[in-house]
Amino acid sequence: LTGVSISMSDLAAGLTIWTDRAVRDMTGIAGNFDILMPPWTDPLALTSPGVASGREPAPDPSNPDIFTVLQRTFGLRLDPRKGKIETFVVQHAEKPTEN
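Residues numbered from 1 in each chain as written. Predicted model: local features only at pLDDT ≥ 70, side-chain atom pairs only at ≥ 80, totals over all residues. Heavy atoms only, no water.

### What to know about the pattern of salt bridges
Right, so step 1: Summed over all chains, the structure comprises 1 salt bridge.
Right, so step 2: Residue arginine 77 pairs with aspartate 79 through a salt bridge whose shortest N-O separation is 2.9 Å.
Right, so step 3: Look at arginine 77 and you get exposed, because its relative accessible area is 59%.
Right, so step 4: For aspartate 79, a relative accessible area of 40% translates into the label partly exposed. (Salt bridge = Lys/Arg side-chain N within 4 Å of Asp/Glu carboxyl O. Buried < 20%, exposed > 50% of the residue type's maximum accessible area, 1.4 Å probe, protein only.)

Have a look at this one:
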């Protein structure tokens, strides 16, 4: 993961892709930054043996997860919180008619 001239809220939005929940910027840090994150273990990857069957593999200290990388590299921590998020709900859908 690399970023050139990104804000903390842009980083948070990007981290949403790599976590199982919405990530919000609550740092209060202003400005844009260039970032280069070292590799990490993707917590959502289902290609590892055992994960798809519900058995998690043992943690590999040489390949930390994204949470550990954020803490060690940037001093940023993802804290779980409850809050409101925007959602889009489709209440009705129909096939289009021919014109």
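### What to know about helix α2 (residues 66-74)
Right, so step 1: Those residues of α2 that sit buried are Ile66, Val69 and Leu70. Here the buried residues of α2 occupy an arc of 100° about the axis, which is enough to place them on one side.
Right, so step 2: Where the residues of α2 are buried, they touch α1 (8-18).
Right, so step 3: Two residues or fewer after α2 comes glycine 75, characterised by a positive phi angle close to 75°. (Helix = DSSP H or I, 4+ residues; strand = E, 2+ residues; numbered from the N terminus. Arc of directions from axis to C-beta. Contact = heavy atoms within 4.5 Å.)

### Focus: unusual backbone geometry
Right, so step 1: Within the chain, serine 5 stands out as a residue other than glycine whose phi angle is a positive 55°.
Right, so step 2: Inspection of the secondary structure assignment puts serine 5 in strand β1 (residues 2-6).
Right, so step 3: A relative accessible area of 43% places serine 5 in the partly exposed class.

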